[in-house]
Amino acid sequence: MPKTKQQKKEIVDEVAEKIKKAKVLVFTSFNQRGKKGLNFSSMEKLKKNLKEVNAEYIVLKKTLLNLALQKLSFADEVKVKEMDGSVAVLFGYQDMVEPLKILHKLSKENEALVLYLGLNPEDKKIISKNLLVEMANLPSREILLYQLAGAIRYPLSGLANVLQGNIRGLAIALSQIKK
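In this text, all values refer to a predicted model and were calculated from it rather than measured experimentally.

Visitor: Even after reading the chapter, I still don't get unusual backbone geometry, so can you show me in this structure?
Guide: With a phi close to 60 degrees, N54 is a non-glycine residue in the positive phi region. With respect to the element layout, N54 can be found in the loop between α2 (40-52) and β2 (55-60).

Laid out in structure tokens, this is it:
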């Protein structure tokens, strides 16, 4: 059943609010021409996994998405009309990387899911497809923190050893003078 003009306006307003709240948006297509699209169970599993990391994946008509982007002055950066197939948007509300990992994993399993580009609404910056893939391949937050702690710890322990060596050398020199 076709939507009324009022319903479409409400959808545009709702999408614009979601864009304002999101830390990252990823524009995708899930049924490219000539490729078998995502089936219902894959789509539901994706949505469930994204919900666990405070993100959502919404299928939108290109015209409604474009109107929401125009409302927030993003239409020039994101050319929705140029995207092939049906368009869906990932809205990541808390973390930028975890939702990307989930989406990227599914895109590797199903060639019909294509990542076009990302958008950081806070900075109004476009994120290229290549950068999205790099971000999706980052280690987890815990591993990055562990690596950071190690990078800080090793130079400090080396400095402590050098300083102890100087004190040890001074103690040996003083004991030699005392004899």
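Visitor: Would you explain the sheet that holds strand β5 (residues 125-127) in this entry?
Guide: The strand order across the open sheet formed by 5 strands is β2-β3-β1-β4-β5, and the pairing between neighbours is antiparallel. This sheet does not close on itself; its edge strands, each paired only once, are β2 and β5. Across the sheet, the mean angle separating the axes of adjacent strands is 20 degrees when strand polarity is ignored. Each of β1 (24-29), β2 and β3 (87-92) touches helix α3 (residues 62-71); the most contacted strand, β3, lies at about 40 degrees to it.

Visitor: Explain the pairing of β1 to me, please; I cannot follow it from the model alone.
Guide: Residues in a regular strand project their side chains so that they alternate between the two faces of the sheet. Within β1, 6 of the 6 residues are buried, leaving the element largely enclosed by the surrounding structure. The alternating pattern of β1 places V24, V26 and T28 and L25, F27 and S29 on opposite faces, both of which are buried. Direction of pairing for β1 relative to β3: antiparallel, over a ladder of 6 bridges. Bridging from a neighbouring strand, L25 pairs with F91 of β3. Taken together, the 5 bridges between β1 and strand β4 (residues 114-120) define a ladder with antiparallel strand orientation. Looking across to β4, one finds that V26 is bridged to G118.

Visitor: Which parts of the structure should I look at to understand the packing of aromatic side chains?
Guide: Where two aromatic rings form a pair, the distance of their centres and the angle of their planes describe that pair. Following the criterion strictly, the structure yields 1 aromatic pair and no others. Between the aromatic rings of F91 and Y93, the centroid separation amounts to 6.4 Å while the plane-to-plane angle is 10 degrees, which identifies the pairing as stacked.

Visitor: Sorry, what's going on with a nonpolar patch on the surface here?
Guide: Together, L145, L148 and I152 make up an exposed nonpolar region whose accessible area comes to about 280 Å². Relative to the assigned elements, I152 resides in helix α6 (residues 141-178). Under the relative-accessibility criterion, I152 is labelled partly exposed at 48%.

So, how was this worked out
Residues numbered from 1 in each chain as written. Predicted model: local features only at pLDDT ≥ 70, side-chain atom pairs only at ≥ 80, totals over all residues. Heavy atoms only, no water. Helix = DSSP H or I, 4+ residues; strand = E, 2+ residues; numbered from the N terminus. Pairing = 2+ DSSP bridges. Axes fitted to C-alpha atoms, helices over the stretch in contact; angles between N-to-C directions. Contact = heavy atoms within 4.5 Å. Buried < 20%, exposed > 50% of the residue type's maximum accessible area, 1.4 Å probe, protein only. Phe/Tyr/Trp six-rings, centres within 6.5 Å; stacked < 30°, edge-to-face > 60°. Patch = residues over 30% accessible without salt bridge, like charges linked within 9 Å, V, L, I, M, F, W, Y side chains within 5 Å. Areas by Shrake-Rupley, 256 points an atom, 1.4 Å probe, with all protein chains shown as cover. Salt bridge = Lys/Arg side-chain N within 4 Å of Asp/Glu carboxyl O.

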